[in-house]
Amino acid sequence: MTAATQARAAAGAKPGRKPPRLGAGRRGRGGRGGRGGTGARERHSVVLSALMTIMLCYALLPLFWLVVNSAKTQRALFTTFGLWFGGKFALWSNIHQVLTYDNGIFVRWLANTVVYVVVGAGGATFLATLAGYGMAKYDFPGKRAVFAIVLGAVAIPGTALAVPTFLLFSRLHLTNTPWSVILPSLVSPLGLYLIWVYAADAVPTELLEAARIDGAGEFRTFFVISMRLLTPGVVTVLLFTVVATWNNYFLPLIMLSNPHWYPLTVGLNDWNAQSSTAGGQAIYNLVITGSLLTVIPIMIAFLVMQRYWRSGLAAGSVKQ
Amino acid sequence: MAAAVVSRAVFRRPRRRRWTGWGFVGPFLIVFAVALVAPVCYAIYLSLFRQQLIGGNAFVGLANYHLALSDPRFWESLRRVLLFLAVQVPVMLVLALLAALALDSARLRWAAVYRLSIFLPYAVPAVVASLMWGFMYGSQFGLVARLSSLLRVGLPDPLSSSWVLVSIGNIVTWEFAGYNMLIFYAALRAVPGELYEAASIDGATALGIVRWIKLPALRPALVVAGVFSVIGSLQLFNEPNILQQLAPDAIGTSFTPNMYAYNLSFAGQEYNYSAAIAIGMGVITMVLAYAVQLYGRRKAA
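Residues numbered from 1 in each chain as written. Chains lettered and ligands numbered in written order. Predicted model: local features only at pLDDT ≥ 70, side-chain atom pairs only at ≥ 80, totals over all residues.

A. Molecular detail of the overall build of chain B. Regarding its fold elements, chain B presents 13 helices and two strands. Here the C-alpha radius of gyration of chain B, 24 Å, is well above what a compact globule of 301 residues would show, namely 19 Å. When the backbone C-alpha atoms are referred to their principal axes, chain B occupies close to 80 × 75 × 35 Å. Relative to its 301 residues, chain B shows a buried fraction of 47%. Within chain B, counting contacts between residues at least 6 apart in sequence, those at least 24 apart form 68% of the total. (Helix = DSSP H or I, 4+ residues; strand = E, 2+ residues; numbered from the N terminus. Rg over C-alpha atoms; globule rule 2.2 N^0.38 Å. Buried ≥ 20, exposed ≤ 12 C-beta atoms within 10 Å, placed from the backbone. Contact = placed C-beta atoms within 7 Å.)

Right, dumping it as structure tokens:
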């Protein structure tokens, strides 16, 4: 890469061909001062704050309930008021029980989930980035067909695929293996679409041509130059795929019968089923504390990643 | 589409490596074929056969689909998700719309706190969301029963068969209102500032700006949120499947079409019929999603 390449990057170039969109292009709006209406100096509205506070309470109430009840013994769950602490403070002993119950099966489920997320969501994001970039920046035979396929697939709901995928995989004796969960989560047509829209603007075609003139290979250019420019788009797609795989339930439920391969979601439901079954050992405190432990990592990941993500890109999905 | 054709003509130029693009798209397409195309094809194939006592696996054409059309359990489940779609989706989208307008109004202090908190439930797994709400609904250590006795009013049992659909609607609304709010909010942020300046010069009121600038700007976002909501409603599975443990009397094995297909596969081993229901529902979902899109586009024109 020469200085000329860098200079062209800085100058910004005409965007390449973009996928067709419905709406207007994305335009950043400079400064938020004096907008939203009638006057330059807008007062904060008390009514609006009150209404939004109600909505905020609605959003946070169940999570508050979860924290409060994770600190209760099973007995206290039934005898004390649900929205405040009561009985012995049992959070640490609950966590200890969750992690050790049934020979530490919860830890196993956590490890499974991490593997499914890293391989599944990471792989899905990588494949979508590669393909979305290819669609935005290259012309190749059969591109129209790929375009039609991808656009059609965005509308196919994942849950609609669970039963058919199970039927095929059970025929191929792939069920009850980690691959039965990972393989289907590697496909993210929506992710591909988002990267495509994003790459069309974010990676100047002239920059790529400059790199070509400099003699850089196509894939090297991708990994060294383009990936850097694509980062905000990639993080956004990663956020979606990580949340989707961490929270995946229907697919592993249908694919896995051996508890040793369960992700957290299916495992928790198993514990709940055990508690609700007549004759089963009730472990509601473990279901609740286990739920808390399931939510915490994904929330941390979520809060960290949302700082980097482009909400404009989320809307990009909107402006097909 | 015309613009795309024009830009195609302008930007088309001879390229040295015409097949290079496949190197980028190829890996995705291979996985796509294995994990998405193949299962759908196999399910379509399965749905055309039937396991028979005499003669084994026999080709029966569309008989499985005909069976579904005359199956009251399928119709009941379909009616239920359509009702869900008609009530829950508008409630959720209106809530999300109002919240997004409030965030964008510049009249809200600490807007970022509201935005993040209301979006947060999207990150909660459906399993955990359903368990939390289910426990709060439940009679054993439920809040609703507690509130009933506290306030001395007879609140209905949220897990009874007449209320359970509303309770599921509440869970789904809780999970996705913030997500939709964010989609709307992003669309509002993309409105060029000059429009507001022009409107304020013309003396438009705040409500006038909402009516004539913001709502039209939200149309594409509304269409997409509508499409996703149609898909989510018709394919409803997670929430009722998890609540089933807590409300076995109110939620049967064919509560939604997806639950029916799942239970046919597992409890009944009726793979062929299950495949027909899954494929049939996939088609119905896509047709409805497409109709929403078409409706949104036509009104925009």
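After that view, the rundown keeps rolling.
B. Region of interest: the interface of chain A and chain B. Contact residues are listed per partner, giving 93 residues for chain A and 95 residues for chain B. The biggest single contributor to the side of chain A that touches chain B is helix α2 (residues 46-70) of chain A, with twelve residues. For the side of chain A that touches chain B, the residue count by class is 58 nonpolar, 23 polar and twelve charged. (Nonpolar A, V, L, I, M, F, W, Y, C, P; charged D, E, K, R; others polar.)

C. Structural view of helix α6 (residues 158-171) of chain A. All names here are of chain A. The terminal C-alpha atoms of α6 lie 20 Å apart, and with 14 residues this matches the ideal 20 Å at 1.5 Å per residue to within 8%. At Pro-164, α6 shows its strongest bend, of approximately 25 degrees. The buried fraction of α6 amounts to eleven of the 14 residues, a majority that puts the element mostly inside the structure. Residues Thr-159, Ala-160, Leu-161, Ala-162, Val-163, Pro-164, Thr-165, Phe-166, Leu-167, Leu-168 and Phe-169 constitute the buried set of α6. Of the residues one or two after α6, His-173 is the one with positive phi, at around 60 degrees. (Expected span 1.5 Å × (residues − 1). Bend = angle between axes of the 7 residues up to and from the residue.)

D. Representation of the environment of Ala198(B) within the structure. By the secondary structure assignment, Ala198(B) is in helix α9 (residues 193-201). Distance in space between the C-alpha atoms of Ala198(B) and Ala217(B) is 15 Å, their sequence separation being 19 residues.

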